[in-house]
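One letter stands for each residue in the lines below.
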Amino acid sequence: MASNAAELYRRIKEDQDQTQILFRQALQNPQGAIQAICDLGIKYGLPVSSEEVKNYLNSLDEAETKQWIVKARGGL
């Protein structure tokens, strides 16, 4: 499922509106944002667990993603 996390991340990143929604949610409710990402995975036929999402995000070496993680650190 690691490939699902990568593909799901790519799809979310391509949709600026979805990215902003998840970012705002992560600031207010990090665990809810993780659940929303998992729900999107089901919607797109790319199921992922919350641990897979966390592990994938932590493995990325992108400044933009790291900033997102820092702001939502409580849930990630």
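Residues numbered from 1 in each chain as written. Predicted model: local features only at pLDDT ≥ 70, side-chain atom pairs only at ≥ 80, totals over all residues. Heavy atoms only, no water.

(A) The arrangement of the confidence of the model for the protein chain in detail. Here the protein chain shows a mean pLDDT of 84. Residues at 70 or above account for 80%. When mean pLDDT is compared element by element in the protein chain, helix 3 (residues 30-43) scores highest at 93, while helix 5 (residues 63-71) scores lowest at 67. (pLDDT = per-residue confidence, 0-100. Helix = DSSP H or I, 4+ residues; strand = E, 2+ residues; numbered from the N terminus.)

(B) How the structure looks around helix 2 (residues 16-28). The end-to-end C-alpha distance of helix 2 is 19 Å, a good match for the 18 Å that 13 residues give at a rise of 1.5 Å each. Of the positions making up helix 2, those classed as buried are Gln18, Thr19, Leu22 and Ala26. Viewed end-on, helix 2 has its buried residues packed into an arc of 100 degrees, placing them on one side of the element. Opposite its buried face, helix 2 presents the exposed residues Gln16, Asp17 and Gln28, each directed more than 90 degrees away. Between the side-chain oxygen of the N-cap and the backbone nitrogen of Asp17 there are 3.2 Å, and the N-cap of helix 2 in question is Asp15. (Expected span 1.5 Å × (residues − 1). Buried < 20%, exposed > 50% of the residue type's maximum accessible area, 1.4 Å probe, protein only. Arc of directions from axis to C-beta. Polar contact = N/O pair within 3.5 Å; in protein donor to acceptor, adjacent residues only side chain to side chain.)

(C) The pattern of salt bridges, seen in detail. Counting across every chain of the model gives four salt bridges. Between Glu7 and Arg10 there is a salt bridge, with the nearest N and O atoms lying 2.4 Å from each other. Note that Glu7 and Arg10 are positioned in helix 1 (residues 2-14) at a spacing of three residues, about one turn of the helix. Looking at Glu7, the relative accessible area reads 22%, which means it is partly exposed. Close ionic contact of Arg11 with Glu7 constitutes a salt bridge, the shortest N to O distance being 3.1 Å. Taken together, the residues span about one helical turn, with Arg11 and Glu7 both in helix 1 at a distance of four residues. Each member of the salt-bridge network shares a partner with another, and the members are Glu7, Arg10, Arg11 and Glu14. (Salt bridge = Lys/Arg side-chain N within 4 Å of Asp/Glu carboxyl O.)

(D) Spotlight on the packing of helix 3 against helix 4 (residues 50-59). Where helix 3 contacts helix 4, the two axes come as close as 9 Å, and the packing angle between them is 105 degrees. Here helix 3 is positioned roughly perpendicular relative to helix 4, judged by the angle of their axes. Residues Gln31, Ile34, Ile37 and Cys38 of helix 3 form the contact with helix 4, whose participating residues are Ser50, Val53 and Lys54. (Axes fitted to C-alpha atoms, helices over the stretch in contact; angles between N-to-C directions. Parallel < 35°, antiparallel > 145°, perpendicular 65-115°, else oblique. Contact = heavy atoms within 4.5 Å.)

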